[in-house]
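Structure at a glance
For reference, the chains in residue letters:
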Amino acid sequence: TTSTDAALRTPIVAVLGHVDHGKTSVLDKVRGSAVIEGEAGAITQHIGATAVPLDVISEIAGELVDPTDFDLPGLLFIDTPGHHSFATLRSRGGALADIAILVVDVNDGFQPQTEEAIEILKRSETPFIVAANKIDTVPGWNPTEDAPVQATYESQSDRVRGDLDEKLYEIIGQLSDRGFSADLYWRVQNFQNNVGVVPVSAMTGEGIPDLLTVMMGLSQRYMKEAMEIDVAGPGVGTVLEVKEEKGFGTTLDVVLYDGTVKEDDTIVVGGADSTIVTDVRALLKPRPLSEIRTESRFEDVDELKAAAGIKIAAPELDDAMSGAPMRVVRDREIDDVVSEVEAELADIAVDTEEQGIVVKADTLGSLEAMSNALEEAEVPIVRAEVGDVAPRDISVASTAEDPMHEAILAFNVDVLADAHTAAENQDVRIFESDVIYRLIEEYEEFVEEREQ
Ligand code: GTP
Ligand code: MG
């Protein structure tokens, strides 16, 4: 039969949120709880991701999860550092993540990167829940380590619970201002129409069982069909980072969301100037912590199935772009796969006009997010590229007919020294930020100034 390779893959969960709101701590707590449950070996660390199998989830979640209710293999969590745009996490036709956890510090509420994450979640129609983190910091909080949150919430004094409620309802209100009807997760009946808010503490572990339970339930109920893949088929993934690695040259950190990648596979990768066709030299995963003292930080694997995070070493990767597609050729025609990758890249390509501003960004995904935001603000773009701001960008901006277009919006990239000088000499304004809407606001202020 042909269906023997069909399987349900692990849903990909992006953990998002503003800098320091506790994304890594929440994941660390999940890993830590697994160690306490004697399941440390079952959790596998990937490049940029952590895989938590279903039986471990059910151990941590205790009575909240009955593993026989689920047939998905577990969850693959991707940690996104606050300074790194979540926009990179894209795949053919939308978001790379199947679901997301938006981590919000209860004391800080919504912050710029929270806003940005919400915008992208909305646009990509990615289902998400909110982890309202750091509930242990409410003065007078009486913790019950690793407990489900509803019980520990109800066991607080009226004053403490009142204080927390105030913070939680602030977050719920902020969600509703952005068009999401939200409530504490235990009051949510239908997670398709409502965003569940899970109060958690990455410090005490309270609410972590609930968080895993809600994620598991969400993916099982609403994403099962999307998880049915041909695991043995040629791999498909997204490049998260292009990195120099000692002994390996330029490597790609990839999240594989379909099929398999094997050593010696020919792969096609989106590059800045042209599409790259190359052969996998090594598939690298991080060594377990216990082996950290060995020579290399990585160990070789022969093959890897979706969903997973992996570092790929191969020749000729210098030109590869973060956010670009990666496809395994296997027994197909190289040209066909090249066309597929090119079609995907064309899909992301930004519509440029005869006149407009210059946009530079760190990844294809962030470039796309920038262009969407600029389109909404009715700002035309003359040139949009991944990469640092270089003197030739200044030349393009300086030849604009309209003085309002003598500007460069630089998202999460560097401005080369000679570009700075050129910009000063030619009166081109460079705006730099790692928050998209800030760039646009600053540009709009500049337009107002120049109009006066
Ligand atoms: P970036 O990766 O830099 O964007 O930050 P992050 O969101 O991963 O935050 P991280 O997990 O590094 O936590 C930031 C700080 O908040 C650290 O000092 C943590 O110890 C602290 N922290 C995180 N979660 C909690 C929590 O639940 N309670 C308390 N009291 N502190 C927390
Ligand atoms: Mg972090």
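Residues numbered from 1 in each chain as written. Chains lettered and ligands numbered in written order. Predicted model: local features only at pLDDT ≥ 70, side-chain atom pairs only at ≥ 80, totals over all residues. Heavy atoms only, no water.

1. Focus: the pattern of salt bridges
Where side chains of opposite charge bring their charged atoms close, a pairing between them can arise. Scanning the model with the defined rule gives 23 salt bridges in all. Notably, a salt bridge pairs Glu340 with Arg327, separated by 2.8 Å at the nearest N-O pair. Within this pair, whereas Glu340 is found in helix α7 (residues 334–348), its partner Arg327 is found in strand β22 (residues 325–328), the two being separated by 13 residues in sequence. Assessed through its relative accessible area of 25%, Glu340 is described here as partly exposed. A salt bridge links Glu344 to Arg327, with the shortest nitrogen-to-oxygen separation between them at 2.9 Å. Of this pair, Glu344 sits in helix α7 while Arg327 sits in strand β22; the two residues are 17 residues apart in sequence, bridging distant segments of the chain. Judged by relative accessible area, which is 10%, Arg327 ranks as buried. (Salt bridge = Lys/Arg side-chain N within 4 Å of Asp/Glu carboxyl O. Helix = DSSP H or I, 4+ residues; strand = E, 2+ residues; numbered from the N terminus. Buried < 20%, exposed > 50% of the residue type's maximum accessible area, 1.4 Å probe, protein only.)

2. Section: empty space enclosed by the protein
Applying the stated criterion across every chain yields a total of two cavities of 30 Å³ or more. In this model, the second largest cavity occupies a volume close to 40 Å³. Residue lining of the second largest cavity: Val15, Val26, Leu27, Val30, Phe77, Ile101, Leu211 and Leu212, and that is the complete set. Broken down by secondary-structure element, the contributors of at least two residues to the lining of the second largest cavity are α1 (23–36) and α6 (208–223). Per-element tally for the lining of the second largest cavity: the top contributor is α1, with three residues. Here the residues of the lining of the second largest cavity are counted per class, giving eight nonpolar, no polar and no charged. (1 Å grid on protein atoms, 1.4 Å probe; cavity = no way out; pocket = protein on both sides within 12 Å on 5 of 7 lines; lining within 4 Å. Points joined across faces, edges and corners; volume = space filled by probe spheres on them. Nonpolar A, V, L, I, M, F, W, Y, C, P; charged D, E, K, R; others polar.)

3. Observations concerning α7
An ideal rise of 1.5 Å per residue puts 21 Å on 15 residues; α7 measures up with 21 Å between its terminal C-alpha atoms. Of the positions making up α7, those classed as buried are Val337, Val338, Val341, Glu344, Leu345 and Ile348. Buried residues along α7 cover an arc of 125° about the axis, so they all sit on one side. When the buried face of α7 is taken as reference, the exposed residues oriented beyond 90 degrees from it are Asp335, Ala346 and Asp347. (Expected span 1.5 Å × (residues − 1). Arc of directions from axis to C-beta.)

4. Digging into the side chain of Thr251
Summarising the element assignment, Thr251 is placed in strand β14 (residues 249–258). Thr251 gets classed as buried once you look at its relative accessible area, which sits at 0%. The contacts of Thr251, once residues within four sequence positions are left out, are Glu241, Val242, Lys243, Glu245, Lys311, Ile312, Ala313 and Leu317. (Contact = heavy atoms within 4.5 Å.)

5. Focus on the sheet that holds strand β23 (residues 357–361)
Think of a sheet as strands paired side by side through backbone hydrogen bonds, with each pair either parallel or antiparallel. Reading across from one edge, β24-β23-β25-β26 is the order of the four strands in this open sheet, with parallel pairing throughout. Taken across any chain shown, the strands that pair with only one partner, and hence form the sheet edges, are β24 (381–386) and β26 (429–433). Sheet twist, expressed as the average angle between the axes of neighbouring strands with direction ignored, equals 15°. Sheet topology note: the strand β25 (residues 407–411)/β26 ladder contains five bridges and is parallel. Note that in β26 the partner of Phe411 across the bridge is Ser433. Sitting on the sheet, helix α11 (residues 436–451) is in contact with β23, β25 and β26, with an inclination near 155° to β26. (Pairing = 2+ DSSP bridges. Axes fitted to C-alpha atoms, helices over the stretch in contact; angles between N-to-C directions.)

6. Focus on the confidence of the model for the protein
Confidence in the prediction of the protein, expressed as mean pLDDT, is 89, and 93% of residues score 70 or more. Here the complex is predicted with pTM 0.86, and the ipTM for its interfaces comes to 0.99. (pLDDT = per-residue confidence, 0-100.)

7. Overview of the packing of aromatic side chains
On inspection of all chains with the given rule, the structure shows seven aromatic pairs. For the ring pair Phe128 and Phe180, a centre distance of 5.1 Å and an interplane angle of 85° mean the geometry is edge-to-face. Highlighted residues: Phe128 in strand β9 (residues 128–133) and Phe180 in the loop between α5 (158–177) and β10 (182–184), separated in sequence by 52 residues. Given the relative accessible area of 6%, Phe128 is considered buried. An angle of 35° between the planes, with centres 5.7 Å apart, marks the rings of Tyr443 and Phe446 as tilted. Pair noted here: Tyr443 and Phe446 are both in helix α11, with a separation of three residues, about one helical turn. Exposure remark for Tyr443: the relative accessible area of 4% places this residue in the buried category. Through pairs of rings, three or more aromatic residues link up here, namely Tyr153, Tyr185 and Trp186. (Phe/Tyr/Trp six-rings, centres within 6.5 Å; stacked < 30°, edge-to-face > 60°.)

8. As for the environment of Gln355
Residue position: Gln355 is located in the loop between α7 and β23. For the pair Gln355 and Ala117, spaced 238 residues apart in sequence, the C-alpha separation works out to 30 Å. The residues touching Gln355, leaving out its near neighbours within four places in the chain, are Pro380, Val382, Ala400, Glu401, Asp402 and His405. Looking at Gln355, its side chain comes within polar contact range of the main-chain nitrogen of Glu401, at 3.2 Å. (Polar contact = N/O pair within 3.5 Å; in protein donor to acceptor, adjacent residues only side chain to side chain.)

9. Comments concerning unusual backbone geometry
Residues Ala306 and Ala307 are joined by a peptide bond in cis, for which omega reads -5°. Positive phi is not limited to glycine here, since Arg330 has a value of about 50°. Note on placement: Arg330 falls in the loop between β22 and α7. On the accessibility criterion, Arg330 (24% relative accessible area) is partly exposed.

10. Description of a negative patch on the surface
A surface patch of negative charge is lined by Glu441, Glu442, Glu444, Glu445, Glu448, Glu449 and Glu451. Note on placement: Glu448 falls in helix α11. (Patch = residues over 30% accessible without salt bridge, like charges linked within 9 Å, V, L, I, M, F, W, Y side chains within 5 Å. Areas by Shrake-Rupley, 256 points an atom, 1.4 Å probe, with all protein chains shown as cover. Lys, Arg positive; Asp, Glu negative; His and termini not counted. Charge placed at Lys NZ, Arg CZ, Asp CG, Glu CD.)

11. Side note on the sheet that holds strand β2 (residues 12–17)
Overall, mixed pairing links the eight strands, which are arranged β3-β4-β5-β2-β8-β9-β11-β10 in an open sheet. Strands with a single pairing partner mark the edges of an open sheet, and in this sheet they are β3 (44–46) and β10. Put simply, the sheet's adjacent strands are angled 25° from each other on average, direction ignored. Where β10 meets strand β11 (residues 195–199), three bridges bridge the pair, whose relative direction is parallel. Bridging from a neighbouring strand, Ala182 pairs with Val195 of β11.

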